[in-house]
Amino acid sequence: MTALDVKNEARPRTVPVAPAAAKPPAKRRRPTRLLLDALPPLAVAGVVVAGWYAATYLLLTPQRRFLLPPPHAVVQKGLFDAQARGEIFHAVLSTARVAAFGLVIASLLGITLAIAMSQARWVQRSLYPWAILLQTVPILAIVPLIGFWWGFDFRSRVLVCVLISLFPMITNTLFGLQSVPSGLHDVFSIRRVSRVSRLVHLELPAALPSIFTGLRISAGLSVIGAIVGDFFFRQGDPGIGRLIDNYRAQLASEQLFAAIFASSLLGLLAFLLVGAIGNRTVGRWHDSGRRRP
Amino acid sequence: MTFVETGQGVAAAPAAILSLQQVAKTWPDGTHALEEVDLDLRKGELVTLVGPSGCGKSTVLRIVAGLDAATGGQVVVPEQLPGFVFQQPNLLPWRSVVGNVELFLQLDKAPADARREAVDDALELVGLERFRDHLPHQLSGGMQMRAALARALVTRPELLLFDEPFAAVDELLRERLQEELSRLFAARRFAGLFITHSVAEAVFLSTRVMVMTPQPGTIEEVIDVPFPHPRVAELRFDSDFVDLCHRVSRSMRRAGSDLEVENR
Ligand SMILES: Nc1ncnc2c1ncn2[C@@H]1O[C@H](COP(=O)(O)OP(=O)(O)O)[C@@H](O)[C@H]1O
Ligand SMILES: [Mg+2]
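This structure is a prediction, so every number in the text was calculated from the model and none was measured.

S.K.: Looking at this structure, how should I read the site of ligand 1?
M.R.: Residues and elements named next belong to chain B. Near ligand 1 you find Trp27, Asp29, Thr31, Ala33, Pro52, Ser53, Gly54, Cys55, Gly56, Lys57, Ser58 and Thr59, and these make up its full shell. The backbone of Gly56 places a nitrogen or oxygen atom 3.1 Å from an oxygen atom of ligand 1. Between ligand 1 and Lys57, the relevant distance is 2.9 Å, taken from an oxygen atom to a main-chain nitrogen or oxygen of the residue. Expressed as a share of its isolated accessible area of 560 Å², the protein-covered part of ligand 1 is 63%. For the shell around ligand 1, the element with the most residues is helix H1 (residues 57–65), which contributes 3 residues. A class-by-class count of the residues in the shell around ligand 1 yields 4 nonpolar, 6 polar and 2 charged.

S.K.: Which parts of the structure should I look at to understand the packing of helix H4 (residues 82–119) of chain A against helix H9 (residues 195–232) of chain A?
M.R.: The relative placement of two packed helices comes down to the angle between their axes together with the axis-to-axis distance. H9(A) packs onto H4(A) with a crossing angle of 145° between their chain directions and a minimal axis gap of 7 Å. As for the relative orientation of H4(A) and H9(A), their crossing is right-handed in sense.

S.K.: Before we go on, may I ask you to explain the pattern of salt bridges in this structure?
M.R.: Pairing of side chains with opposite charge becomes possible as their charged atoms draw close. Residue and element names in this part refer to chain B. Under the criterion given, the structure shown has 18 salt bridges over all chains. Where Arg156 meets Asp121, a salt bridge forms, and the shortest distance between an N and an O atom there is 2.6 Å. With Arg156 in the loop between helix H5 (141–153) and strand E6 (159–163) and Asp121 in helix H4 (residues 112–126), this residue pair connects regions lying 35 residues apart in the sequence. We classify Arg156 as partly exposed; its relative accessible area is 49%. Residue Glu221 pairs with Arg247 through a salt bridge whose shortest N-O separation is 3.7 Å. Pair noted here: Glu221 is in strand E9 (residues 218–224) and Arg247 is in helix H8 (residues 239–263), with a separation of 26 residues, a long-range link. What you see here is one network of salt bridges that share partners, running through Arg42, Glu45, Arg208 and Asp224.

S.K.: Mind showing me how you'd approach the interface of chain A and chain B here?
M.R.: Accessible area lost during the coming together of the parts is what is often quoted as the interface size. Chain A puts 18 residues into the contact, and the matching count from chain B is 23 residues. In this assembly, chain A packs against chain B so that about 2000 Å² is buried in total across both faces, 67% of it on carbon and sulfur atoms. Among the residues chain A hides against chain B, the three largest losses belong to A:Ile190, A:Arg191 and A:Trp285. Together they make up 37% of the total. There are 2 salt bridges connecting chain A and chain B. Of the charged contacts, one joins B:Asp108 and A:Arg191 as a salt bridge, the two residues approaching to 2.9 Å between their closest N and O atoms. Our count for the chain A to chain B interface comes out at 5 residue pairs in polar contact (both at pLDDT 80 or more). Element by element, the count of residues in the side of chain A that touches chain B is highest for helix H8 (residues 182–189) of chain A, at 6 residues.

S.K.: Looking at this structure, how should I read the packing of H4(A) against helix H5 (residues 121–136) of chain A?
M.R.: All names here are of chain A. As a packed pair, H4 and H5 sit with axes 5 Å apart at the nearest point and diverge in direction by 130°. When the axes of H4 and H5 are compared, the pair comes out oblique. On the side of H4, the interface is formed by Leu113, Ala116, Met117 and Gln119, while H5 contributes Arg121, Val123, Gln124, Leu127 and Tyr128. Across the contact of H4 with H5, the residue classes tally to 6 nonpolar, 2 polar and 1 charged.

S.K.: What's the story with the side chain of B:Ser206 in this structure? I'm lost.
M.R.: Tracing the sequence through the fold places B:Ser206 in the loop between helix H7 (199–205) and strand E8 (208–213). Apart from residues lying up to four places away in sequence, B:Ser206 is in contact with B:Leu46, B:Val47, B:Thr48, B:Val225, B:His229 and B:Arg231.

S.K.: Which parts of the structure should I look at to understand unusual backbone geometry?
M.R.: With the exception of glycine, the majority of residues adopt a negative phi angle, and the majority of peptide bonds are in the trans configuration. Residues and elements named next belong to chain B. With omega at 0°, the peptide bond leading from His229 into Pro230 counts as cis. Position of Pro230 among the secondary structure elements: in the loop between E9 and H8. For Glu164, which is not a glycine, the phi torsion comes out positive at approximately 45°. With respect to the helices and strands, the residue Glu164 is situated in the loop between E6 and helix H6 (171–188). For Arg189, which is not glycine, the phi torsion reads 50° and is therefore positive. Under the relative-accessibility criterion, Arg189 is labelled partly exposed at 36%.

S.K.: In this structure, what is going on with the sheet that holds E8(B)? I would like to understand it.
M.R.: Within a beta sheet, neighbouring strands are joined by backbone hydrogen bonds and run either parallel or antiparallel to one another. Residues and elements named next belong to chain B. Taken together, the 6 strands give an open sheet; going across it, the order is E5-E6-E7-E3-E8-E9, and neighbouring strands pair in mixed fashion. On the outer flanks of this sheet lie strand E5 (83–85) and E9, each paired with one strand and no other. Going across the sheet, the axis of each strand differs from the next one's by a mean of 20°, ignoring polarity. Two elements, E6 and strand E7 (residues 191–196), share 5 bridges in a ladder whose sense is parallel. Pairing of Leu161 across the sheet is with Leu193, part of E7. Contacts from H5 reach E5 and E6, with the element oriented near 165° to E5.

S.K.: Mind showing me how you'd approach the sheet that holds strand E4 (residues 72–76) of chain B here?
M.R.: Residue and element names in this part refer to chain B. The 3 strands lie next to each other as E2-E1-E4, forming an open sheet whose pairing is antiparallel. Bordering the open sheet on either side are strand E2 (32–41) and E4, each of which pairs with just one other strand. With strand direction ignored, the average angle separating the axes of adjacent strands in the sheet is 15°. Bridge count for strand E1 (residues 18–26) against E2 is 6 bridges, and the pairing is antiparallel. If you follow Lys25 over to E2, its bridge partner there is Leu34.

Here is what the cut-offs are and how they apply
- Residues numbered from 1 in each chain as written.
- Chains lettered and ligands numbered in written order.
- Predicted model: local features only at pLDDT ≥ 70, side-chain atom pairs only at ≥ 80, totals over all residues.
- Heavy atoms only, no water.
- Near = heavy atom within 4 Å.
- Polar contact = N/O pair within 3.5 Å; in protein donor to acceptor, adjacent residues only side chain to side chain.
- Areas by Shrake-Rupley, 256 points an atom, 1.4 Å probe, with all protein chains shown as cover.
- Helix = DSSP H or I, 4+ residues; strand = E, 2+ residues; numbered from the N terminus.
- Nonpolar A, V, L, I, M, F, W, Y, C, P; charged D, E, K, R; others polar.
- Axes fitted to C-alpha atoms, helices over the stretch in contact; angles between N-to-C directions.
- Left-handed = near helix turned anticlockwise from the far one by under 90°.
- Salt bridge = Lys/Arg side-chain N within 4 Å of Asp/Glu carboxyl O.
- Buried < 20%, exposed > 50% of the residue type's maximum accessible area, 1.4 Å probe, protein only.
- Contact = heavy atoms within 4.5 Å.
- Buried area = accessible area lost by both parts, 1.4 Å probe.
- Parallel < 35°, antiparallel > 145°, perpendicular 65-115°, else oblique.
- Pairing = 2+ DSSP bridges.

Next comes the structure, spelled out in structure tokens:
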């Protein structure tokens, strides 16, 4: 008992001897690390807010201040004004639903196409050029056509999201499936396994990190697609894009800024969510998911 | 013109489970990799192929494993798929040690309890029981190699193929792994075909050393190694052992000088 006490007392004295910087970052405790990670971007945010205030109060005359309302007014409207908050929340939710649907369809379709391409050369040779075409056609140019064909509501919006986020899913999945080290292929070859087994037990798991890279890119793109669709398609549940346009038309600049921030937050959230799922799935064994020092 | 010396005049007591006769391989690009390779392997034999890099050792192994096809001669392999230990551990990074070791049983759809028993057995043989739930990246190089060994052993193959499995590890660890493999061989008495370019490794491990000459690869000389398995570290300092190493080295040099003469 006394020995234990002595040990416990002795420990704090030894701690300050080791300089904090000498500790490997992985061993640093989590809250400390989070704080240190958050500090630099928070500092940038501080500078930006200061610049914003300066622009609002120093550059703009009171009559023209509606062009750039001060940050606290935006926060006030966006967070504490029940009506604006409700409108923005509802619109973001609607946009999120469209983007999520689009992302799910794009990833299922993209992964399926990539698997088909990886299984047979001729499939890849016939489809890949079209996938590239999909990427090079300016999506904005065909959005009106989509509405023209499929109507101006939910379906068309989702379709825009799919079109805009499909390509990264195809290329990243295909890259992952095709860059399995040949040594790992040999392990399966000596067992004479079927193609399906090789796909299920080797190629798909090996491609997971790349699939998540694709998902992270596509998640952001799908949100953009949903907002673009909103600008074009005026039927159905209004999303954040339509709300932004309405606020602009009404010169409701505080609400406009709050809505813009909310839409950015949605994009960020989509990115973080997919990143977190990816981390949980492949971070255990793949270093792209693990934190760098 | 090279002469093939098989050195297997003795009447075979047990039947060979692996037999290569006059095996030749020419790659599609015209590389003449193997010519007239003869090799018989019985249970309880651990044969090493030594030779300079590029002389076709891996090609022999890949032909035996069915990864590549011979372009001439006859190859008789056992019905059961052989175990294969590669130069790299080649573990699936997303599977734990257990997951990697049980992979083949899973692919063969073996029942769960048989699977568990075989995996535990293999892990015990290589001394990895305590690391069963570790992921490959959490293991040292030596432990990764042991896991790869366990994966090859888990199907209890009567034929095990090794393609320079210890070439990438440091000397001390390499010697320890050799001793472990010798113990394993003594315990399981499989038929082993082991490839290396290290003379000492060949002599330490094998019951028979086959020296290969390059371009095209063929068997230059066959040297029997009489020491009983399991072999221990001290054997390396035994004068008979050293003498055998010298004999193999000289044979390899002869093989090399052939090459120089041919190239001129
Ligand atoms: N897939 C292949 N296609 C063409 N040539 C090959 C191939 N694999 C090996 N070779 C050639 O065959 C010869 C023997 O190679 P290999 O069996 O790997 O030698 P070792 O294992 O003894 O170093 C070398 O000249 C090598 O370049
Ligand atoms: Mg080789």
